[in-house]
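# Remarks on the overall topology
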Amino acid sequence: MLESGTLTLGINYWASQTAARMWRDWHPDEIERDLRLLAESGFTLLRVFPTWNDFQPLDVRQPAEGNAADPGSGTGEDLPGTSAVSAGVDEQMMDRFSAFCDLAEQYHLKLIVCILTGQMTGRLFIPRALERRNLYTDPVALKWEARYVEYFVRRMKHHPAISAWESGNETNYLGIAENSARVEAWLRYIHSTIRLADPERPVIGVNGLNISSEEAPWLSRLVAQFSDFVTVHPYIMWGKAGIEEFNGIRSLLFCPAQSSGLEQITGKPAFVEETGLWRPMTVSLEGVAKYLRGMLWNLWSANCRGMLWWCAFDQERFDSAPYDWSLPGLEHGLFSGTGDPRPGAEIILRFRHFLDRLNFSKLPEAKADALFLVSGREILHSSFILARQAGIVPRYQSTEEPLRDARIYFLPSLSGRILAASGNWKRLREKVRSGATLFLVWDEPELPGWQEVCGIDLVSRREGPAASPYGFGGFSLQLPHVRHTVFRAESARILGTDREGNPCFFRNSYGKGSVYTLTFPLERLCYDTAGLYDSDAWKLYAEAVPKEPLVSVFPPCITESEHFFNRDEAGVVLVNNSMKPFCGAIRRKDGWETVSWHTDAPEEVRLSGDHLSMNSNSGILLILKQKNSSAEQIQR
């Protein structure tokens, strides 16, 4: 599961009838019905949550005044005669979890087990004895955490249904970790405890895309250092990721950008472990289904390995915390609380059938065209959208990590000294002098010697509206810029100007290489303003990376990726990331022909000769082969 080139379809599971109370309010017949339904609906992987305070019900026995006692003393008082007393674990809960695993195995469902599930939907579920302690640093808390984790893993590690271990659900929300050193110490401690108890199964890292030290202390590269897999939990309804229509390109590329970017930055395999929405506040049931289809196509083509939806069942019927609190959304499920499937559930099953019918098991990863250096997740998301619209397959690294080799480098909306401080600016200049291409997007970076590299100089700068629109010889952009900066060309050639004729886009020769400089923060402006991904902004990227794709389609809301099985045969994935249907002609690269095409929705997608029709948020796989090729078709 979760192999490169595959897409595992999974879901986060709480029991339909009892939710977070499922272990103490135990109904195995109802749970079996749930698991049967999920297996029949195409899911193969569940993420499950043994609530910490149920499984390790530590309590404090208050000593008389003047007497000292370990706050964990008396732990076994309610658990007489069990072998789990020294770990503070309720043996009955472990028996229930073991029975749950048996049911999962019966229905061929694999499990990710979140051991320290102490946070769920904004509520803490931690043992009473640990409630006022720092769970990352307090020695008493750490003692009981390790005892619980070790006992749990040793007890359950032989069960074939368990696929991977995880410290818990979003364990970065168990309290406050003041700095990255405390995060590192806790991760080393808990993950090492898991590995000592079970050296065979992978350990999944704490979720999140935190690229630079400014987004610390749970820095992604730090989490990856102690983990076998890393994950993201992207929710489009929070922040500027969700300021446009739910079924548009900004939303549909959110999960693939975060997951693929995380894998490239950390070097560890990544997947979407949790994603969803508060449905009544966002989009209709039909809209969720369309979004799911488009997202799955984009995740598959971006080699994102897996998608686990949040969550299996709606939770609007419960009156216990946190479900009766004001913050949590309750209608997240692909099934109602009584098990009725939502339209999105059918999308999962159809996509599973689509993957199973293909005559190959792994889609080759698309070849990267350019390396993007980023320091924040929003700029990563924005640059990913623009790159894919331009036909560019991006790869990412942090601006703080040593520079990797590439032919083409992008510095999207670069600001501050971060690149110079890491030494990458010096390395980048050497790469360009040796023949690389650099695309620098200006957001007031502090780079020594930038005038020589870019072939331009700064004339003036003031706060206030900039002159817009910007013209680029064939198209223009209307951008809500709030900083007026004037540059002049020295050795660079001018490629674009603002309304007042001030140059804003340049190309300069630097050694054997080329440098493109855009003097306004394109990615940040597009991200902050709804509707700009519908403009021609992507054409600026295409200027630096001209490509002749195997299959050309316009408009740019239809993204194309190429996956070569060998030199003469490739799969081309097209995804309609628009809310509007597409109906028009496609053009294949000279010397290539389509030998077959495949989709999960043949009633919504059709290819006849050069004519393609695609409903909104749909996808198609074309298998292309070079004409007159003597090579035998690949044996997949």
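Data block above holds the structure.
This text gives an overview of the structure that appears in the document. (Residues numbered from 1 in each chain as written. Predicted model: local features only at pLDDT ≥ 70, side-chain atom pairs only at ≥ 80, totals over all residues. Heavy atoms only, no water.)

### Looking at the packing of aromatic side chains
The geometry of an aromatic ring pair is captured by the separation of the ring centres together with the interplanar angle, meaning the angle of the planes. Following the criterion strictly, the structure yields 44 aromatic pairs and no others. Among the aromatic residues, those joined into a cluster by ring pairs are Tyr 13, Trp 23, Trp 26, Phe 55, Phe 97, Phe 100, Tyr 148, Phe 152, Trp 165, Phe 313 and Phe 335. Taking the ring centre of Trp 144 as reference, the NZ or CZ of Arg 147 above it sits at 4.8 Å. Taking NZ or CZ as reference, Arg 250 lies 5.1 Å from the ring centre of Tyr 527, over its face. (Phe/Tyr/Trp six-rings, centres within 6.5 Å; stacked < 30°, edge-to-face > 60°. Lys NZ or Arg CZ within 6 Å of the ring centre and 35° of its normal.)

### Focus: the environment of Ala 257
Relative to the helices and strands, Ala 257 resides in helix H8 (residues 254-266). Taking the C-alpha atoms as reference points, Ala 257 and Tyr 396, separated by 139 residues in sequence, lie 9.8 Å from one another. Not counting chain neighbours up to four residues away, the residues in contact with Ala 257 comprise Leu 380, His 381 and Phe 384. (Helix = DSSP H or I, 4+ residues; strand = E, 2+ residues; numbered from the N terminus. Contact = heavy atoms within 4.5 Å.)

### As for the sheet that holds strand S2 (residues 45-48)
One open sheet accounts for eight strands, arranged S7-S6-S3-S2-S1-S10-S9-S8; its pairing is parallel. On the outer flanks of this sheet lie strand S7 (203-204) and strand S8 (230-232), each paired with one strand and no other. In this sheet, strand S9 (residues 270-276) lies alongside S8 in parallel orientation, the contact comprising three bridges. Across the sheet, Val 230 pairs through a bridge with Ala 270, a residue of S9. Its contacts with the sheet place H8 against S8, S9 and strand S10 (305-310), and it is angled at close to 150° to S9. (Pairing = 2+ DSSP bridges. Axes fitted to C-alpha atoms, helices over the stretch in contact; angles between N-to-C directions.)

### Points about the packing of helix H3 (residues 91-106) against helix H4 (residues 139-156)
The geometry of H3 relative to H4 is characterised by a closest axis approach of 11 Å and an angle of 40° between their N-to-C directions. Taken together, the axes of H3 and H4 lie oblique to each other. Considering how the two elements wind past one another, H3 and H4 form a crossing that is right-handed. Between H3 and H4, the contacting residues are Glu 91, Met 94, Asp 95, Phe 97, Ser 98 and Cys 101 on the first element and Tyr 151, Phe 152, Arg 155 and Met 156 on the second. Among the residues forming the contact of H3 with H4, the class breakdown is six nonpolar, one polar and three charged. (Parallel < 35°, antiparallel > 145°, perpendicular 65-115°, else oblique. Left-handed = near helix turned anticlockwise from the far one by under 90°. Nonpolar A, V, L, I, M, F, W, Y, C, P; charged D, E, K, R; others polar.)

### Regarding the side chain of Ser 167
The residue Ser 167 is located in the loop between strand S6 (162-166) and helix H5 (180-197) in this model. Ser 167 sits in the buried class, given a relative accessible area of 1%. Separated by 2.9 Å, the side chains of Ser 167 and Thr 171 make a polar contact. When near neighbours in sequence (up to four residues on either side) are disregarded, Ser 167 contacts Cys 114, Ile 115, Leu 116, Trp 186, Ile 190, His 191, Ile 194, Ile 204 and Val 206. (Buried < 20%, exposed > 50% of the residue type's maximum accessible area, 1.4 Å probe, protein only. Polar contact = N/O pair within 3.5 Å; in protein donor to acceptor, adjacent residues only side chain to side chain.)

### Some details on the sheet that holds strand S30 (residues 619-626)
One open sheet accounts for four strands, arranged S23-S24-S30-S27; its pairing is antiparallel. Two strands bound the open sheet, and with one partner strand each, they are strand S23 (558-566) and strand S27 (592-598). For this sheet the average axis-to-axis angle between neighbouring strands, irrespective of direction, equals 25°. Here strand S24 (residues 569-576) runs beside S30; their pairing, made up of seven bridges, is antiparallel. What sits directly across from Glu 569, in S30, is Lys 625.

### Description of the environment of Leu 550
With respect to the element layout, Leu 550 can be found in the loop between helix H16 (538-544) and strand S22 (551-552). Residue classification places Leu 550 among the buried residues on the basis of a relative accessible area of 3%. When the C-alpha positions of Leu 550 and His 27 are compared, they lie 55 Å apart, and in sequence the two are 523 residues distant.

### Overview of the environment of Arg 182
Take Arg 182: it is sitting in helix H5. The exposure class of Arg 182 is partly exposed, given its relative accessible area of 35%. C-alpha of Arg 182 to C-alpha of Glu 400: the two residues are 218 residues apart in sequence and 20 Å apart in space.

### Brief notes about the pairing of strand S1 (residues 7-12)
Along any regular strand the residues' side chains alternate between the sheet's two faces. Burial analysis of S1 places six of its six residues in the buried class, the great majority of the element. Both faces of S1 are covered, namely the face carrying Leu 7, Leu 9 and Ile 11 and the face carrying Thr 8, Gly 10 and Asn 12. Two elements, S1 and S2, share three bridges in a ladder whose sense is parallel. Directly across from Asn 12, in S2, lies its bridge partner Arg 47. For the handedness criterion, the β-α-β arrangement of S1, helix H1 (residues 28-40) and S2 is classed as right-handed. (Right-handed = clockwise from strand over helix to strand, strands pointing away.)

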